[in-house]
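Now for the letters of each chain:
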Amino acid sequence: MNHRDVTGTPPMGWNSWDCYGAAVTETEVRGNAEYMARHLKEFGWEYVVVDIQWYEPGAVSSQYRPFVPLEMDGYSRLMPAENRFPSAAGGKGFKPLADYVHGLGLKFGIHIMRGIPRQAAHAGTPILGTAATAREIAHSNSICPWNTDMYGVDAAKEGAQAYYDSLFQLYAEWGVDFVKVDDIAASRLYGSHLPEIALIRQAIDKCGRPMVLSLSPGPAPVREAEFFEAHANMWRMTDDFWDRWELLLDMFDRCEQWQGRPAPGNWPDCDMLPLGHIGIRSVDGGGADRWTRFTKDEQLTMMSLWMLFRSPLFFGGEMRDNDDWTLSLLINRDALELHREGKNARPAYRDGDRIAWTAEGPRGYRYAALFNVGEQEIDVALPLSAIGAPSGLPAKDLWRNIVWEQTEPEINVSVPPHGVRLIRLG
């Protein structure tokens, strides 16, 4: 199977980072999986992803504890901390939790850091399938500046491929469907770690189980787009995205840089959706336990841009606390159809606080997203000719569920500050 065949549409799911940082527990993962199965699965949401440091018994927040002992098997491979994931006891790893998620009709994912555990390198522990040890393949000068768990792997060393092969064979045995690899797409110290990405790609191809490969953090360099497309399914266009307007405003530029690149199996990633109840044990993003700081209009702007651009959608909040408004953002069938089947998303113009994007869709639909990034309500217009649509077509505001006949040669709507009108014609 070609790796692009794994994700014909942008992946959608939940990730534990925005609400629980490095400290999520099995009970919380199961609870969010159950919510997704009940409320979101029929709308296409399917991945349940355990984010960073599931192997760290003492993790309590998004603040990493440096140089602490990590759970590891006899072959230099990190294992779930049993005090946080009790079903992993007895060497079972994540298989029981993955089986539970699969039993709900969903898919299971994990986060890993690139490289090999420092504690394995220091101890010279064995690697399955090779005589080389962890010390011999570790690149001790290739470190992550914000987390002390790992050394990079020297791809030129004998045993490097065997190590990654052993990792992904283990993940295949567990039943993992999605792997988010961090400190690899755009390391702050070294740029993109292309040789390790190539090792990981080969390991997934050999493991016998299809897996989505997601690369973090960003901003991944556009100059490496063809490499990412050849090796991964998702790659971050941004560093961690949080509920701050300036980060959302910046995303318009990032989407413009990557326009034309989203395609089946290859999805530039705007990062997680910091919606609903976040910051429970994650203190990143400049806030503690809170509901998203985005206004409702900003939330609509974010959802509209992510959907039109066809970014992967990963909800970051504690889903069991969702109110009706937050849930409504995730189950709008018209907007999800744009996300699933849209194409040719592109900016039409930017004029001061007015930004217009357009896209095409199934059954001859044309879409217009009219944004106001300013501080006052303004009118935003777009000629129908800019989206290749004649006058006289039915029009629908997808978030407000308002329908009319567009008889004028241009769309002209009032848009609130930091807001959007997402319109479908046809």
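Heads up: these notes are all about the structure in this document. In this text the structure is predicted, and so the values were computed from the model without any measurement. (Residues numbered from 1 in each chain as written. Predicted model: local features only at pLDDT ≥ 70, side-chain atom pairs only at ≥ 80, totals over all residues. Heavy atoms only, no water.)

## Comments concerning the pairing of strand β20 (residues 410-415)
Of the two faces of β20, only one is covered, namely that formed by Ile411, Val413 and Val415; the face formed by Glu410, Asn412 and Ser414 stays uncovered. Bridge count between strand β17 (residues 378-383) and β20: six bridges; the pairing is antiparallel. Opposite Ala381, over in β20, you have Asn412 as the bridge partner. (Buried < 20%, exposed > 50% of the residue type's maximum accessible area, 1.4 Å probe, protein only. Helix = DSSP H or I, 4+ residues; strand = E, 2+ residues; numbered from the N terminus. Pairing = 2+ DSSP bridges.)

## Concerning the layout of surface pockets
In this model, the largest pocket occupies a volume close to 340 Å³. Around the largest pocket, the lining is made up of 18 residues, and of these Trp17, Tyr64, Arg188, Asp240 and Asp284 lie nearest the centre. Classifying every residue of the lining of the largest pocket by side-chain character gives seven nonpolar, three polar and eight charged. (1 Å grid on protein atoms, 1.4 Å probe; cavity = no way out; pocket = protein on both sides within 12 Å on 5 of 7 lines; lining within 4 Å. Points joined across faces, edges and corners; volume = space filled by probe spheres on them. Nonpolar A, V, L, I, M, F, W, Y, C, P; charged D, E, K, R; others polar.)

## Quick word on the pattern of salt bridges
Overall, the coordinates contain 30 salt bridges when judged by the stated rule. Here Arg244 and Glu246 are joined by a salt bridge, their closest N and O atoms 2.8 Å apart. Where salt bridges share partners, they join Arg114, Asp183 and Glu196 into one cluster. (Salt bridge = Lys/Arg side-chain N within 4 Å of Asp/Glu carboxyl O.)

## Quick notes on empty space enclosed by the protein
For the structure on display, the rule yields three cavities of 30 Å³ or more. Looking at the largest cavity, its volume works out to about 100 Å³. In this structure, the largest cavity is lined by Asn15, Val49, Phe178, Lys180, Ser214, Ser216, Met234, Arg236, Asp269, Asp271, Met272 and Phe314. Those elements that place two or more of their residues in the lining of the largest cavity are β7 (178-182) and β9 (234-236). The residue inventory of the lining of the largest cavity, partitioned by class, reads five nonpolar, three polar and four charged. Considered as a void within the structure, the second largest cavity measures approximately 70 Å³ in volume. Around the second largest cavity sit Trp54, Tyr55, Leu78, Ile112, Met113, Gly115, Met150, Tyr163, Leu167 and Tyr171, which together line it.

## Section: the nonpolar core
Core analysis: the largest hydrophobic core is formed by 130 residues, its most contacted members being Phe168 and Tyr171. No other element matches helix α6 (residues 160-174), which puts nine residues into this core. Beyond its immediate stretch of four places on either side in the chain, Phe168 contacts Ile112, Val179, Ile200, Ala203, Ile204, Cys207 and Met211. In this structure, Ala356, Ala368, Leu384 and Ile411 belong to the second largest nonpolar core, which totals 15 residues. (Core = buried A, V, L, I, M, F, W, Y, C linked by side-chain atoms within 4.5 Å. Contact = heavy atoms within 4.5 Å.)

## Brief notes about the sheet that holds strand β5 (residues 138-144)
Spatially, three strands are ordered β4-β6-β5 in an open sheet, and the strand pairing comes out antiparallel. Two strands in the sheet have a free side with no partner beyond their single neighbour: β4 (116-117) and β5. Those strands touched by α6 are β4 and β6 (147-153), and its axis lies near 125 degrees from that of β6. (Axes fitted to C-alpha atoms, helices over the stretch in contact; angles between N-to-C directions.)

## Considering the packing of aromatic side chains
Considering all chains together, one arrives at 21 aromatic pairs under this definition. On the numbers, 6.1 Å between centres and 35 degrees between planes, the contact of Phe241 with Phe294 is tilted. With Phe241 in the loop between β9 and α9 (245-258) and Phe294 in the loop between β12 (290-291) and α10 (296-309), this pair connects stretches of sequence that are 53 residues apart. Taken together, the ring pairs connect Trp54, Tyr55, Phe85, Phe94, Phe108, Phe168, Tyr171 and Trp174 into an aromatic cluster. In this structure, Arg30 is placed above the aromatic ring of Tyr100, and the distance from its NZ or CZ to the ring centre is 4.4 Å. (Phe/Tyr/Trp six-rings, centres within 6.5 Å; stacked < 30°, edge-to-face > 60°. Lys NZ or Arg CZ within 6 Å of the ring centre and 35° of its normal.)

## Details of the packing of α9 against α10
Packing of α9 against α10 brings their axes to within 11 Å, and their N-to-C directions diverge by 15 degrees. In terms of orientation, α9 and α10 fall into the roughly parallel class. Considering only the axes of α9 and α10, their crossing is left-handed. On the side of α9, the interface is formed by Trp245, Leu248, Met251, Phe252, Cys255 and Trp258, while α10 contributes Glu298, Thr301, Met302, Leu305, Trp306 and Phe309. (Parallel < 35°, antiparallel > 145°, perpendicular 65-115°, else oblique. Left-handed = near helix turned anticlockwise from the far one by under 90°.)

## Some points on the side chain of Arg118
As for its position among the elements, Arg118 is in helix α4 (residues 118-123). Lacking a salt bridge, the buried Arg118 has Asp149 as its closest oppositely charged neighbour, with an N-O distance of 7.5 Å. (Lys, Arg positive; Asp, Glu negative; His and termini not counted.)

## Describing the environment of Thr130
Turning to its location among the elements, Thr130 is positioned in the loop between α4 and α5 (134-137). Thr130 gets classed as partly exposed once you look at its relative accessible area, which sits at 22%. For the pair formed by Thr130 and Ala345, sequence separation is 215 residues and the distance between their alpha carbons is 47 Å. For Thr130, the contacting residues outside a window of four places in its chain are Gly159 and Ala162. Looking at Thr130, its side chain comes within polar contact range of the main-chain nitrogen of Ala132, at 3.1 Å. (Polar contact = N/O pair within 3.5 Å; in protein donor to acceptor, adjacent residues only side chain to side chain.)

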